[in-house]
Amino acid sequence: MKTVCGLDIHKDSVFVCILFANGQKHEKKFGVTTPELEEMRLMMLSSNVVEVAMESTSIYWIPIWRVLEGYFELKLVNPYFIKQLPGRKSDVKDAHWIATVLQKELIRGSYVPDERIRALRQYGRYIFRHIRRKVTCQQAIDRQLQRCNIRISNYLSDIGGKAVEKIVDMLIEGKTACEDLIKCVHTRTKKKHGMEVLKQALTGYVQQVDIDMLSLYKEELNLINRQIEEALAKMLDICKEHFSDQMDLLQTIPGIKERSAMMIISEAGHDMQPFQSAAMLVGWTGLKPRNDESAGKVKSRKITHGNKFLKVAMTQCAWAASRTKSSIFHARFNRFVNRKMKRQKAIIAIARKVLVVVWYVLSQKHPFKAI
C-alpha cells in the first residue's frame, strides 16, 4: 500500500485527507490562496505522499493542479464515478472517501493534457465562445434592420455576408436611399429576385437612433473579429513551433484544414497515448451511439455526452468532407442519404468515421491515404 491523498475542492477551501500505508490518516483544511496551497504541498511532501486525487469541481481544481504538478502523480476524477452511498455527508468524509478509493485503485483519472495543449485549449475555447457572440451580434444587426423595415435578409442566405455588411456601412454613413443600398447587393441575387423586389426590400424608415445602434453593433462585431484573429494567431504560433508534423498529418484528411487541425490538437492532444483505441476517443468525444436497451427494446440510439468542443469541430469537418467529391466520405455520405437516413444523422456518422481516421493518423504518424 502507498501513501495517497484525497482533495475535496471548493471555491474558498480545500479539505485534505492523507491516508498512510499503515491505515492511519491525517486531515486538514486549507484556504485557496497561493501561500496556503504551497503550505499544503509541503505538508504532503513531508508525509511522503505518492499519489493525489481530486474532483473536477468547475475550474477550481486548475490552480491546485498547477501547484501540485510535477511533485506528485495526479488524478483528476469525475465526481459521478466516486459518488458515495447515501448517508451523512461532510467535506472531511468526502476527502477521506476520495483517498480511500484512490489507495484501493478503484478510480481512473480523466485525461488532462500537458501545459502546451492546455494553453491551446484556452485559445480554442475562447474562439468557440466568440464565434457564438459574433452570431448573436449579426442577429442583433438584422433585428435593427428589421426595425427600419429593411427586409433584405429575406432574400439573402447569410445575414453575416458581405452584402449586409456593406449595407450597414452605407446606413452608418447616412446613405439611406434604396438606389444607393442596392449597389451593395451581388448581381446573382439581383437576377434571382429582381431589381424591383430588392428595391422595395431596401426601402425603409431609418432614424438617427437606428444609425447609432448599427454603429455600436458594427464596432462590437469588429472587436469580436479582431479578438478571434488574435487568438487564432496565438494558436498557430504554438502549433507551428511544437506540433507542425501533426498539423501536416491532419491536413491530409479530407475536410480538415489548418484551423480544424489546431482545434483537434487543442482538445485531443498531439498523440493518442491517452486513448488506447479509436473507439475510446470516439466515446470520449461523445460521437458514439448510446446503448440504451431494456427487455429487448431499444429506447435510444442518441449519441452520448462528451467533449462538446471537439464534437462541434468534427461535425464541421464532416460537412466539409462530405462535400469534397474526391473523398471517400462524400461517397459514404451519399450512400447513407440514399438509404433514407436523415442528413443530420448521416453527418454524425461521417464525423465519427473522420475521428477514427484522426486517431490512426496521429497514433501511427502516417498521412491519410484512401484505399
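Computed from a predicted structure; not experimentally measured.

## Description of a positive patch on the surface
On the surface, Arg-129, Arg-132, Arg-133 and Lys-308 cluster together to form a positively charged patch. Sorting elements by how many residues they give to the positive patch places helix 4 (residues 115-147) first, with three residues. Within the secondary structure layout, Arg-129 lies in helix 4.

## A word on the packing of aromatic side chains
One pass over the structure, following the stated rule, counts eight aromatic pairs. With 5.8 Å between their ring centres and 85° between their planes, Trp-61 and Trp-65 make a pair best called edge-to-face. With Trp-61 and Trp-65 both in helix 2 (residues 61-68) and four residues apart, the pair spans about one turn of that helix. As far as burial versus exposure is concerned, Trp-61 and Trp-65 are alike and both buried. Over the ring of Tyr-71 we find Arg-41, and its NZ or CZ is 4.5 Å from the ring centre.

## Observations regarding the side chain of Asp-142
Along the chain, the position of Asp-142 falls in helix 4. Not counting the four nearest positions on each side in its chain, Asp-142 is found in contact with Ser-153 and Ile-159.

## Observations regarding the environment of Lys-199
Assignment of secondary structure puts Lys-199 in helix 8 (residues 195-202). Exposure remark for Lys-199: the relative accessible area of 24% places this residue in the partly exposed category. Along the backbone, Lys-199 and Glu-179 are 20 residues apart, and their C-alpha atoms lie at a distance of 7.2 Å.

## Focus on the nonpolar core
Judged by nonpolar contacts, the single largest core of 53 residues is most densely connected at Leu-250, Ile-253, Ile-256, Met-314 and Val-358. At the level of secondary structure, the elements contributing two or more residues to this core comprise helix 4, helix 9 (208-242), helix 10 (244-250), helix 11 (258-268), helix 12 (278-285), helix 13 (308-322), helix 14 (328-338) and helix 15 (343-364). When residues in this core are grouped by element, the largest group, 13 residues, is from helix 15. Contacts of Ile-256, omitting those with residues within four sequence positions, involve Leu-250, Gln-251, Ala-261, Ile-264, Cys-317, Val-354 and Val-358. Residues Val-168, Cys-178, Cys-184 and Tyr-217 belong to the second largest nonpolar core, which totals 24 residues.

## So, the state of the cysteines
Counted by the stated rule, this structure contains zero disulfides. Considering cysteine sulfurs only, Cys-184 is the nearest to Cys-178, which forms no disulfide, with 12 Å between them.

## What to know about the packing of helix 14 against helix 15
When two helices pack together, their arrangement is given by the angle between the helix axes and the distance between those axes. At a closest axis distance of 9 Å, the pairing of helix 14 and helix 15 adopts a crossing angle of 150°. Between helix 14 and helix 15 lies a crossing of right-handed hand. Where helix 14 abuts helix 15, its residues Phe-329, Arg-332, Phe-333, Phe-336 and Val-337 lie against Arg-343, Ala-346, Ile-347, Ala-349, Ile-350, Lys-353, Val-354 and Val-357. Here the residues of the contact of helix 14 with helix 15 are counted per class, giving 10 nonpolar, no polar and three charged.

## Description of the sheet that holds strand 4 (residues 51-55)
With respect to topology, five strands assemble into an open sheet ordered 3-2-1-4-5, the strand pairing being mixed. Here the strands that pair on one side only, and so sit at the sheet edges, are strand 3 (25-30) and strand 5 (73-77). Going across the sheet, the axis of each strand differs from the next one's by a mean of 20°, ignoring polarity. Of the strand pairs in this sheet, strand 1 (residues 4-9) and strand 2 (residues 14-19) are connected by six bridges, and their pairing is antiparallel.

## Quick word on the environment of Met-195
With respect to the helices and strands, Met-195 occurs in helix 8. Not counting chain neighbours up to four residues away, the residues in contact with Met-195 comprise Ile-182 and Lys-190.

## Examining unusual backbone geometry
Although it is not a glycine, Asn-149 sits at a positive phi angle of roughly 65°. For Lys-340, which is not a glycine, the phi torsion comes out positive at approximately 70°. Along the chain, the position of Lys-340 falls in the loop between helix 14 and helix 15. Judged by relative accessible area, Lys-340 falls into the exposed class, the value being 75%.

What counts, and at which threshold
- Residues numbered from 1 in each chain as written.
- Predicted model: local features only at pLDDT ≥ 70, side-chain atom pairs only at ≥ 80, totals over all residues.
- Heavy atoms only, no water.
- Patch = residues over 30% accessible without salt bridge, like charges linked within 9 Å, V, L, I, M, F, W, Y side chains within 5 Å.
- Areas by Shrake-Rupley, 256 points an atom, 1.4 Å probe, with all protein chains shown as cover.
- Salt bridge = Lys/Arg side-chain N within 4 Å of Asp/Glu carboxyl O.
- Lys, Arg positive; Asp, Glu negative; His and termini not counted.
- Charge placed at Lys NZ, Arg CZ, Asp CG, Glu CD.
- Helix = DSSP H or I, 4+ residues; strand = E, 2+ residues; numbered from the N terminus.
- Phe/Tyr/Trp six-rings, centres within 6.5 Å; stacked < 30°, edge-to-face > 60°.
- Buried < 20%, exposed > 50% of the residue type's maximum accessible area, 1.4 Å probe, protein only.
- Lys NZ or Arg CZ within 6 Å of the ring centre and 35° of its normal.
- Contact = heavy atoms within 4.5 Å.
- Core = buried A, V, L, I, M, F, W, Y, C linked by side-chain atoms within 4.5 Å.
- Disulfide = S-S within 2.5 Å.
- Axes fitted to C-alpha atoms, helices over the stretch in contact; angles between N-to-C directions.
- Left-handed = near helix turned anticlockwise from the far one by under 90°.
- Nonpolar A, V, L, I, M, F, W, Y, C, P; charged D, E, K, R; others polar.
- Pairing = 2+ DSSP bridges.

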